[in-house]
Each structure stands twice: as C-alpha cells, then as structure tokens.
Amino acid sequence: MTVQRKITLGSLLGAALLAVLAVGWFRILEPRVNASVADQLGQGDYRLTTTDGGTFTEDSLVGAPSAVFFGFTHCPEVCPTTLGDVAGWQEALAEDGEELRVFFVTVDPERDTPEMLGDYVSWVPGVTGVSGSQAEIDKAIRAFRVYAQRVPLKDGGYTMDHSAFVLLFDDRGHFDQPIAYQEGYDRAIGKIRQLVEG
C-alpha cells in the first residue's frame, strides 16, 4: 500500500470515527446532559424573602405549578412588558377558575426591597416579589442558570442587563419549559395550560 493510500485510508477512518462520535453525542449524550441540567434548575441553597413576608427557597416551587422570572423594578421595558403578559395569562386562566403562581425575583436587591417589589407587582394577580441579600440573589441566579449583569450609566447610576424568559416549573418543582420574551400569546398560554392541567 502506498503512502498516499495509507493517508487517504487514515483520513476516511478518522472522518468515520468523528461521524460516529457526533451521532453518539447528539443522540445519546447531549439529550442526557440537557436533561440533567434541566433537572437541576431552581435547585440550590438560596434563601430569599417574599413580598408577602414568606421565604423563597427551592421548596417554594413544590406543591403547585409555578413560573419564575428574574427582573428589577427600574427595568425600562422587558419587565413591565413581561408583567403585562403575565396579567393576560392570569386573566385567561381565571376564566377556567385557575391561577399560576408567579415569582418575580429581583436581580437588583440593592434597590429592590420587598416593600418596593410588593408595590411593583401588586397589580398582577398571583405574582409574588422576591428579594434578599446580594449573596442570596447570586445563589438564586446560579441555581436558575439565568444571566444578570450590572451596567454603569453615564450619569453615575446603573441599570441591569438580565435574562428575559419566564421559567415554568411543575408541581414537583421540576423545570418544565421556558416562555421566551414576547413569545406569541397562543403559544405561551398553551404551554401554561398544559402545565396547569398536567
């Protein structure tokens, strides 16, 4: 066998091996990795305070379907828009005598006290604000695998950049699926009804 044929044969065998490994990853390993990550969402040792005087921990997700959204009261667009969407979902659920528990967790505990959050979310049925120390908020951010970053402003103040999706959890506290920011109403309420009617 010539050197050229050996190189060609080696290249073909290498390509075949890569193809087998790729199929193994996408069909076997990758779904398991994603399922494992999804199973861990919301799990952690965070301990936060709710606007109704209670405590928010991973156990708070157990007992009834719920949604979790991370935001802040000084948010110019994403948070008020999302709360408006939640109000619409709650209105539709109320027609069937149902309601979804929603937890609005601040990413800006420096400014968002439980009292301030309580005022901010009070107009939307079923929404409970959640705040706490920066250390505990950071634990929750890691537990839910969301993004939050402080962004300085030219005037010396700051805003927050953060994930903009709503995370749905079943009554056992297991992650179900996300609702994207400004996802179509029919698609979003379909996900919620499927969760609630479980």
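Quick caveat: nothing in here was measured; it's all calculated off a predicted structure.

1. Digging into the overall build of the protein
Turning to step 1, where the next piece is worked out: Looking only at helices and strands, the protein features five helices and nine strands.
Turning to step 2, where the next piece is worked out: Element order for the protein, N to C, with α for helix and β for strand: α-β-β-β-α-β-α-β-α-β-β-β-β-α.
Turning to step 3, where the next piece is worked out: Per-residue burial for the protein yields a buried fraction of 37% across its 198 residues.
Turning to step 4, where the next piece is worked out: For the protein, the computed accessible surface area is about 11100 Å², with 55% contributed by carbon and sulfur atoms.

2. Concerning unusual backbone geometry
Turning to step 1, where the next piece is worked out: A positive phi angle, close to 55 degrees, is found at Arg145, a residue other than glycine.
Turning to step 2, where the next piece is worked out: Residues other than glycine seldom take positive phi values, yet Gln182 does so here, at roughly 60 degrees.

3. Some remarks on the pattern of salt bridges
Turning to step 1, where the next piece is worked out: Counted by the stated rule, this structure contains eight salt bridges.
Turning to step 2, where the next piece is worked out: Across the salt bridge formed by Asp45 and Lys139, the nearest N and O atoms sit 3.9 Å from each other. Taken together, the positions of Asp45 in the loop between helix H1 (3–40) and strand E1 (48–50) and Lys139 in helix H4 (residues 134–144) put the pair 94 residues apart, joining distant regions of the chain.
Turning to step 3, where the next piece is worked out: Relative accessible area serves as the criterion here: at 25%, Lys139 is assigned to the partly exposed category.
Turning to step 4, where the next piece is worked out: Here Arg193 ties to Asp96 by a salt bridge, and the two come within 2.4 Å at their closest N and O atoms.

4. Thoughts on the pairing of strand E9 (residues 175–179)
Turning to step 1, where the next piece is worked out: Taken together, the four bridges between strand E8 (residues 166–169) and E9 define a ladder with antiparallel strand orientation. Its bridge partner lying in E9, Val166 is registered against Ile179.

5. What about the nonpolar core?
Turning to step 1, where the next piece is worked out: Judged by nonpolar contacts, the single largest core of 47 residues is most densely connected at Phe56, Phe70, Phe104 and Phe144.
Turning to step 2, where the next piece is worked out: Ranked by the residues each element gives to this core, the list is headed by helix H2 (residues 78–94), at seven residues.
Turning to step 3, where the next piece is worked out: Sequence-distant contacts of Phe144, defined by excluding residues within four places in its chain, comprise Leu41, Gly42, Tyr46, Phe56, Leu61, Val68, Phe70, Leu167 and Phe169.

Cut-offs used in this document
Residues numbered from 1 in each chain as written. Predicted model: local features only at pLDDT ≥ 70, side-chain atom pairs only at ≥ 80, totals over all residues. Heavy atoms only, no water. Helix = DSSP H or I, 4+ residues; strand = E, 2+ residues; numbered from the N terminus. Buried < 20%, exposed > 50% of the residue type's maximum accessible area, 1.4 Å probe, protein only. Areas by Shrake-Rupley, 256 points an atom, 1.4 Å probe, with all protein chains shown as cover. Salt bridge = Lys/Arg side-chain N within 4 Å of Asp/Glu carboxyl O. Pairing = 2+ DSSP bridges. Core = buried A, V, L, I, M, F, W, Y, C linked by side-chain atoms within 4.5 Å. Contact = heavy atoms within 4.5 Å.

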